[in-house]
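# Coordinates in review
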Amino acid sequence: MLLPKVRSIWLANPLFRSLTYDLFEYALEGVDSLNEADFMPGIDEFTLKMVSSNEEADEIEALGFEFRSGSPRYRERLDKGAIASCIFVGRELAYIGWVGLTNEAKESMGDPPYRYKVDFANGEACAGSIWTNPKYRGMGLAAYGYFKRLQYLREKGRIVARGATVENNVATHRMLARFGPRIYAEGRLLRVLWWQFWKEWPVEPKREL
């Protein structure tokens, strides 16, 4: 009877976890051939805002947009240089996704797999750490948010966007497949108590996600 109990504790406690990730890349020149209308969410009215500093976050809060209530981590991420792509329905935060143009910004965006390598000095960037309000899931916000983040990075002169997703995350894979990124590596995160271990290995040849 002891082993099932230990197993249940292992599965329930995020401090004990082994996960495999697909690491993918998207050549940002591909954004030029995408049609924004193909990614419009199934919501009649919404507001998209790119937030790149805490000053901007304070400004939209003053207008009634609920940004700060999303997570206390948002302030630190903005301080570290991460940029948030936000979709509001009315003044309610319906979706948020992040991009990083520096390693400091990338590391602020969450736990591994944000340890994966990004060559920021040579035009690469990362996109990740998304959240969709449960009230608005299944309406295409993630696809539209990802499109707008890729578009933003393209406008900033970046040439490649990198990201990671859990290997068996079917919904995320289905959404990303609409953009045609390619898996270039796999990674494994092992978390044991307060220790975390990350290892990645290349996929040759690269394959479609």
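Counting restarts for each chain: residues are numbered from 1 in the order of the written sequence. Totals for whole chains, interfaces and linings use every residue, but because this is a predicted model, local features are given only for residues with pLDDT of at least 70 and side-chain atom pairs only at 80 or more, for both listing and counting. Note that the side-chain values use all heavy atoms of the structure and ignore hydrogens as well as water.

Counting from the N terminus, the helices are DSSP H or I runs at least four residues long and the strands are E runs at least two residues long. With respect to the helices and strands, Arg158 occurs in the loop between α5 (141–155) and β6 (160–166). Asp119 is the oppositely charged side chain nearest to the buried, salt-bridge-free Arg158, at an N-O distance of 8.1 Å. Contact definition: two residues touch when any of their heavy atoms are within 4.5 Å. Leave out the neighbours within four places in its chain, and Arg158 touches Leu28, Leu101, Phe120, Gly123, Glu124, Ala125 and Leu153. Residue exposure (1.4 Å probe, protein chains only): buried if accessible area is under 20% of the type maximum, exposed if over 50%, otherwise partly exposed. His residues and chain termini do not enter the charge count, which takes Lys and Arg as positive and Asp and Glu as negative. We define a salt bridge as a side-chain nitrogen of Lys or Arg found within 4 Å of a carboxyl oxygen belonging to Asp or Glu.

Next up on the list: unusual backbone geometry. At the junction of Glu204 and Pro205, the peptide bond is cis and its omega measures out at -5° in the coordinates. Along the polypeptide, Pro205 turns up in strand β8 (residues 195–208). Although it is not a glycine, Ser129 adopts a positive phi angle of roughly 50°. For Ser129, the location among the structural elements is in strand β5 (residues 124–132).

For the rest of this paragraph, the subject is the pairing of β5. The buried fraction of β5 amounts to 7 of the 9 residues, a majority that puts the element mostly inside the structure. Two strands qualify as a pair provided that DSSP identifies no fewer than 2 bridges between them. The pairing of β5 with β6 spans 3 bridges and is parallel. Among the inter-strand pairings, Cys126 is bridged to a residue of β6, identified as Arg162. Taken together, β5, α5 and β6 constitute a β-α-β crossover, and its handedness is right-handed. When the strands point away from the viewer, a crossover counts as right-handed if the path from the first strand over the helix to the second runs clockwise.

So, on to α5. The span one expects for a helix is its residue count, reduced by one, times 1.5 Å. In this model, α5 (15 residues) spans 21 Å end to end at C-alpha, consistent with the 21 Å of a helix rising 1.5 Å per residue. Counting buried positions along α5 yields 12 of 15 residues, so the element is predominantly enclosed. Considered for burial, the residues of α5 that qualify are Leu141, Ala143, Tyr144, Gly145, Tyr146, Phe147, Lys148, Arg149, Leu150, Gln151, Tyr152 and Leu153.

Let us now look at the confidence of the model for the protein. Confidence scores per residue from the predictor, reported as pLDDT, run from 0 to 100. Mean pLDDT over the protein stands at 90; residues scoring 70 or higher make up 93%. Overall, residues 1–7 carries pLDDT values under 50, and its contacts beyond four positions in sequence, including any with other chains, amount to 0 contacts.

What follows is about the sheet that holds strand β7 (residues 182–192). If you walk across this open sheet you meet the 8 strands as β2-β3-β4-β5-β6-β1-β7-β8, and the pairing is mixed. The sheet terminates laterally at β2 (47–51) and β8, the two strands that pair on one side only. On average, each strand axis in the sheet is inclined to that of its neighbour by 25°, with strand direction left out of account. The sheet contact formed by β2 and strand β3 (residues 83–89) spans 5 bridges and is antiparallel. In the strand pairing of β3, Thr47 is matched with Phe88. Here, axes are lines fitted to C-alpha atoms. For helices the fit covers the stretch in contact, and angles between N-to-C directions go from 0 to 180 degrees. Running over the sheet, helix α2 (residues 54–62) touches β2 and β3 and is turned about 150° from β2.

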